[in-house]
Amino acid sequence: MTDTAASEALDSAIAVIGMSGRFPGAPDLDAYWHNLLGGTTSISDFTEEELLADGADPDEIRGRDYVPAKGVLAGADRFEAALFGFNRTEAAALDPQHRLLLQTAWSALEDAGHDPLGAPRRTGVYVGGGVTEHMLAAQTDPRLAAQIGALQVRILTDREFLAPWISYRLGLDGPSLTVQTACSTSLTAIHLACQALLLGDCDTALAGGVAVDTVHRRGYVHYQGGIFSADGRCRPFDEASGGTVPGNGVGVVVLRRLADALADGDPVRAVIRGSAVTNDGAARVGFTAPGVDQQTAAIVEAWTTAGLDPADAQYLEAHGTATELGDRIEATAATAAFKGALGTGSIGLGSVKANIGHLDAAAGVAGVIKTVLMLEHAVIAPTAGAGRPHPGLGLDDSPFHVVTEAEPWPEPEYGRRRAGVSSVGIGGTNVHVVLEEAPVRPAESGSPGPEVLLLSAHTEDALKALAGRLATALRAPGAPSLADTAHTLRFGRTPLAVRAYVAAADREEAATGLAELAAGRTVPVPAAADDLRAIGEAWLRDERLPWPRRGRRVSLPTYPFGGESYGQLRLPTGSARGPQSQGPDSQGPDSQGLESPGPDSPAPEAGAAGLDASVRALLAETLGLDGAGDLGMTYFAAGGDSLAAVHLVGCLRDDFGIDVPLTLFLEELTLDELARRIVEAREGDDALDALLSEFEGA
């Protein structure tokens, strides 16, 4: 199809307006791009001491076939619980995948220039994740069920609730679907989100995936003929390939219909021109094996949907597991699909698994984000560690060449820079997405002038970190205008409790002030900027002032999530834990706030004072409170919800013989008053029992 004809299909194009991700060796997308460009392998090798310190089974790691390597996600146990409305007990029970996906969704919306708690109406969520050690341990721990309730345990840990938690905590009212197609999960989620946008099910969508089987350092056992590499390295399409390596990561993209994104001034980072999903059915040698025909069909269908020909591609981000069967079938299928390319070796070929390992449910979104970054920078990143192509794949006579070093990505003679991204899942689900570089954004409008930059965070340290990141961004080549920066900070961020502002006449002055703020120093306001000072001071007082919309949304550094470590629950040593089978006993430091008294716990203290103390202790334990001072909060301010209330009503009845109505927890009472009312309910029951006994004995 000609490029003119292809332009007629743009009404089905989807804009990528924001994205966020955390991957091995990359806490943010700037670091991710730096690693990709340098061909960095971010797979970690562990010493025996490191593995033992993280609770690995000594007998397992000393086995001949144990490979001490993995793509590790640093800080995967940390979480800004209070920012998302979770108390300490809930946060410790919440699966690390849920924690990471919530924070990444927040950052992706910020990257799109949208307030995470004020996202557009009809925003849908399409995400998926993998099985985790924490989930398995939590759902088989009777003590945790006794502490917070079995249903609450499931809701906080099961991957089927990944999407609903995002919708609930961010207030998103579009469809909320947890997707599961094994290794192709996140790319399937992106495809489904695109379809939902085109069908009008939603107007904005978050899509992606997460894979954190454990937050601890773990290797794996290599089996002859299995999918895992014997040496801890993943070399897709390479003559030295020998299997894949597990990795952890998370990624989310924000999608809108291209016409809507352009009309609303969203920062379009790339365009999805088409996508398709197929399944191999029975046309394969086994359930876990891929098939050629339907992989080819997924690619051809995606490009046909885009109104384009696969020959229009200049790059293919492949699934690329580096397994003998997987690479051979993928190379055969892709060669058939792209057979009309301009010549042998004209299309670059790569797989991000060489850099970060196989991210399972997050593998597809990792490839999409990599490809979007390449389109933005007009550079094709190398496949880490790539050497000679595997002679058994027939790549020498194919449309592909494996990218071994960074290549400029010139504008094609006809059309735009375009690429395909493929993902294949165990079970046969094949997905392909067609990506195109973003349309050129019009030059910024309006005359430059002084602006006030409004900043807020959940803590002082986070505010300083955010200021430092913004200072760096404003000094970088291609930095956004001061007006657009001010506009995005005002309308594209959630106002939080800890606040500051910087008034400046230009980008350099703003960067200098932000750097001062990051260092903890006071930032003076220019004398000629009294009007900006008034706005800034009103911001500090949380007063609402009219703000002219004289800028547009731009991509800026997102919230610097840190938070404390909430660890993860562990399975007992020797338990079945999936392919890597790891984890010490669950009674360790990682079980923060989750120890429950259990069936043999002592009875509540006797007497009114003892009962009052026991009730307060139950409230504190269930809500994860630090001390008596927290009892001045209301039940919901302390992080309570309806499920926790049901659990508390049951505990009060079973452990204390106190019957209280569920509606008691819905009243605007402090926890101190709530405890007093509960004790009074017991005393009222005792008085009634005494009166009845006296009446019956008369």
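Shown above is the structure to which this text applies.
What counts, and where the lines are drawn
- Residues numbered from 1 in each chain as written.
- Predicted model: local features only at pLDDT ≥ 70, side-chain atom pairs only at ≥ 80, totals over all residues.
- Heavy atoms only, no water.
- Core = buried A, V, L, I, M, F, W, Y, C linked by side-chain atoms within 4.5 Å.
- Buried < 20%, exposed > 50% of the residue type's maximum accessible area, 1.4 Å probe, protein only.
- Helix = DSSP H or I, 4+ residues; strand = E, 2+ residues; numbered from the N terminus.
- Pairing = 2+ DSSP bridges.
- Axes fitted to C-alpha atoms, helices over the stretch in contact; angles between N-to-C directions.
- Parallel < 35°, antiparallel > 145°, perpendicular 65-115°, else oblique.
- Left-handed = near helix turned anticlockwise from the far one by under 90°.
- Contact = heavy atoms within 4.5 Å.
- Nonpolar A, V, L, I, M, F, W, Y, C, P; charged D, E, K, R; others polar.
- Phe/Tyr/Trp six-rings, centres within 6.5 Å; stacked < 30°, edge-to-face > 60°.

Q: So, the nonpolar core: which residues are in play, and what are the values?
A: With 87 residues, the main nonpolar core has Phe 79, Phe 86, Ile 166, Leu 206, Leu 453, Leu 455 and Leu 514 as its most contacted residues. Val 179, Ala 189, Ile 356 and Ala 381 belong to the second-largest nonpolar core, a separate cluster that totals 50 residues.

Q: Lay out the pairing of strand 6 (residues 123-129) in plain terms, naming residues and giving numbers.
A: Counted residue by residue, strand 6 has seven buried out of seven residues, so it is predominantly covered. Along strand 6, one buried face is formed by Thr 123, Val 125, Val 127 and Gly 129 and the opposite face, lined by Gly 124, Tyr 126 and Gly 128, is buried too. As paired strands, strand 6 and strand 8 (residues 204-211) are joined by seven bridges and run parallel to one another. Within strand 8, the position partnered with Val 127 by the bridge is Gly 208. In this sheet, strand 7 (residues 176-178) lies alongside strand 6 in parallel orientation, the contact comprising three bridges. The partner of Tyr 126 across the bridge, within strand 7, is Leu 177.

Q: A description of the packing of helix 13 (residues 292-305) against helix 14 (residues 324-337) should follow, citing residues and the corresponding values.
A: Following both chains from N to C, one finds helix 13 and helix 14 inclined at 45 degrees, their axes separated by 8 Å at the closest point. Compared by their axis directions, helix 13 and helix 14 come out oblique. The handedness of the crossing between helix 13 and helix 14 is right-handed. Each of Val 292, Gln 295, Thr 296, Ile 299 and Val 300 in helix 13 lies in contact with helix 14, whose residues at this interface are Ile 329, Glu 330, Thr 332, Ala 333, Ala 334, Ala 336 and Ala 337. Of the residues contributing to the contact of helix 13 with helix 14, the split by class is eight nonpolar, three polar and one charged.

Q: Tell me what's going on with the packing of aromatic side chains, and back it up with residues and numbers.
A: Each pair of aromatic rings is reported with the distance of its centres and the angle of its planes. Tallied over the entire structure, the rule returns 16 aromatic pairs. Measuring from centroid to centroid gives 5.7 Å for Phe 79 and Phe 84, while their planes differ by 15 degrees, and the two rings are stacked. Ring geometry for Phe 84 versus Trp 106: centroids 5.5 Å apart, planes at 75 degrees, classification edge-to-face. Here Phe 84 is found in the loop between strand 5 (78-79) and helix 5 (88-93), whereas its partner Trp 106 is found in helix 6 (residues 96-111), with 22 residues between them in sequence. Side by side, Phe 84 and Trp 106 carry an identical accessibility label, which is buried.

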